[in-house]
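Each chain, letter by letter, is given below.
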Amino acid sequence: MQRAVATADGVRGTTAPNPWVGAAVLGNDGNVYDGATQAPGSAHAERVALEAAGPSAQGATLYSTLEPCCHYGRTPPCTDLIINSGIRRVVYGVRDPDPNVSGRGLEMLSDAGIEVVEGVCSEEVKIQLEPYLHQRVTGKPWVVLKMAMTIDGRTAAADGSSQWITSQEARVDVHGLRARCDAVLVGAGTIRADNPSLTTRLVSGSDPQRIVLGEAPSAESLVHPCWEVSGDLENILRDLGGRGVVDLLVEGGPRVAAAFHENGLVDEYIFYLAPALMGGDDGAPVFQGLGSATMADIWRGRIQNLRQVGPDLRIDMRPQRGV
C-alpha cells in the first residue's frame with residue numbers, strides 16, 4: 001500500500017475530476033505491478049496495474065488507495081475488470097464517498113467471492129486525498145489561499161506594484177503548487193495590476209484552469225483563456241465543484257483573499273514570507289478591510305508546516321475547525 005500511495009503522488013494535479021489514485025498488484029509470480037490514474041477519460045489506477053500484471057493477476061492481491069469504482073462514467077467500472085481478472089484479494093485505503101460508489105464497490109467484490117480488506121494506511125491516504133474527499137462530501141472544491149508578503153505583512157507597494165516580493169525559488173515553489181491544483185482564481189484587479197499568466201512554466205506540470213473573479217480585462221491579458229465568475233462565493237464554489245474542480249488555488253489580491261477568509265471558505269493557507277520590510281502603513285495588507293475589533297475576536301489557526309524556500313519562509317496553516 002505504501003508503494004501505491006507513492007505512485008499516486010506522481011499524478012496529483014493531472015486527474016481531476018477523478019481522484020489521484022495509486023494501485024499495485026502483487027502478482028502470482030512474486031512481482032509487483034504499479035498503476036496510477038491517468039488523465040480524465042483514460043484508465044483508472046486499478047486498470048493500469050492489472051493490465052501491467054496480465055496473467056500474473058490470477059489469484060493475486062490488488063492494492064488500491066481508494067475503493068474501486070463500480071459505475072460507468074468516462075470508463076467502465078473497475079470492479080468488473082477486477083472480478084474478471086481473477087484477483088483473489090483486494091486491499092484498499094479508504095472508502096470512496098462519491099454517492100456512485102460509497103461501499104458499493106466493496107459489496108460487488110465481496111459478492112463475487114473476492115476477499116476485501118478496507119482501511120490499510122487509511123490515515124495516510126486520507127491526507128493524500130483530502131481535497132478529493134472534501135469535494136465529494138461538500139460539493140465544493142478544496143480552497144487553498146496563497147499569499148506572498150513582506151515580514152511587516154504587506155503584499156504590494158502604495159503604487160500597486162507587487163512583483164516581486166519573494167525570490168525566484170519561492171516563485172518556482174508556487175508554480176509547483178499551481179501544478180498540484182486544478183484551477184487558480186484571482187480577482188480582476190490583480191489581472192489589471194500585474195497581468196499574470198498563472199501558468200506552471202517554471203516547473204513540469206499541467207497549467208491550472210484560470211478563473212477571474214469579476215470581468216477579465218481585454219483579450220491581450222495573459223490570463224486568457226479563462227473562466228469569469230461573479231456573485232456569492234459559496235455559490236461560485238458549488239458551481240466550480242459541479243464543473244469538476246477539486247483543488248482550487250486562490251492567489252488574491254487582498255480584497256479577494258479577505259472575502260474568502262471572512263466567509264470561512266479557506267481550507268488551507270500558504271504564506272510566503274520574504275525577509276523584506278515595506279515600511280509605513282500605505283502598502284497593501286494581506287486582507288483588505290476591517291479586521292478583528294479586539295484580541296478576543298482574532299482568528300486562530302494551526303501551523304502545519306514551516307520550511308525555508310530560498311531566502312523566504314513558507315508557512316502552511318489550517319483553520320481550527322469548530323474553534
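The text that follows walks through the structure, step by step, so that each part is easy to find. (Residues numbered from 1 in each chain as written. Predicted model: local features only at pLDDT ≥ 70, side-chain atom pairs only at ≥ 80, totals over all residues. Heavy atoms only, no water.)

1. Topic: the pairing of strand β1 (residues 22–26)
Every other side chain in a regular strand lies on the same face of the sheet, so the side chains alternate between the two faces.
Then comes step 1: Buried residues dominate β1, accounting for 4 of its 5 residues.
Then comes step 2: A loop of 5 residues connects β1 with strand β2 (residues 32–36), the two strands running antiparallel in sequence, and G30 in this loop sits at a positive phi of about 85 degrees.
Then comes step 3: Where β1 lies against strand β3 (residues 61–66), 4 bridges are found, and the strand directions are antiparallel. Within the sheet, the bridge partner assigned to V25 lies in β3 and is L62. (Buried < 20%, exposed > 50% of the residue type's maximum accessible area, 1.4 Å probe, protein only. Helix = DSSP H or I, 4+ residues; strand = E, 2+ residues; numbered from the N terminus. Pairing = 2+ DSSP bridges.)

2. A closer look at the sheet that holds strand β11 (residues 247–250)
Then comes step 1: On the basis of which strands lie adjacent, the open sheet formed by 8 strands has the order β10-β9-β8-β11-β6-β12-β15-β14 and mixed pairing. Looking at the sheet topology across the chains shown, the edges are occupied by β10 (227–229) and β14 (301–309). Each strand axis lies, on average, 25 degrees off the axis of its neighbour in the sheet, ignoring direction.
Then comes step 2: Strand direction decides the pairing type here: strand β8 (residues 183–187) and strand β9 (residues 209–213), joined by 5 bridges, are parallel. Note that in β9 the partner of V186 across the bridge is V212.
Then comes step 3: Taken strand by strand, helix α7 (residues 168–180) contacts β6 (142–150), β11, β12 (268–274), β14 and β15 (312–319), and its axis lies near 165 degrees from that of β12. (Axes fitted to C-alpha atoms, helices over the stretch in contact; angles between N-to-C directions. Contact = heavy atoms within 4.5 Å.)

3. Details of the layout of surface pockets
Then comes step 1: Taken as a whole, the largest pocket encloses approximately 930 Å³ of empty space.
Then comes step 2: T155, S162, T190, D194 and E251 are, among the 39 residues lining the largest pocket, the residues nearest its centre.
Then comes step 3: Counting only elements with at least two residues in the lining of the largest pocket, the list comes to β6, β7 (154–156), α7, β8, α8 (188–194) and α10 (254–262).
Then comes step 4: Taken together, the residues of the lining of the largest pocket sort by class into 16 nonpolar, 15 polar and 8 charged.
Then comes step 5: For the second largest pocket, the lining is made up of 20 residues, of which R12, R180, E268, D316 and R318 are closest to its centre.
Then comes step 6: Mapped onto the lining of the second largest pocket, the elements with two or more residues apiece are α1 (2–9), α5 (122–128), α6 (130–138), α7, β14 and β15.
Then comes step 7: Residue contributions to the lining of the second largest pocket peak at 4 residues, all from α7. (1 Å grid on protein atoms, 1.4 Å probe; cavity = no way out; pocket = protein on both sides within 12 Å on 5 of 7 lines; lining within 4 Å. Points joined across faces, edges and corners; volume = space filled by probe spheres on them. Nonpolar A, V, L, I, M, F, W, Y, C, P; charged D, E, K, R; others polar.)

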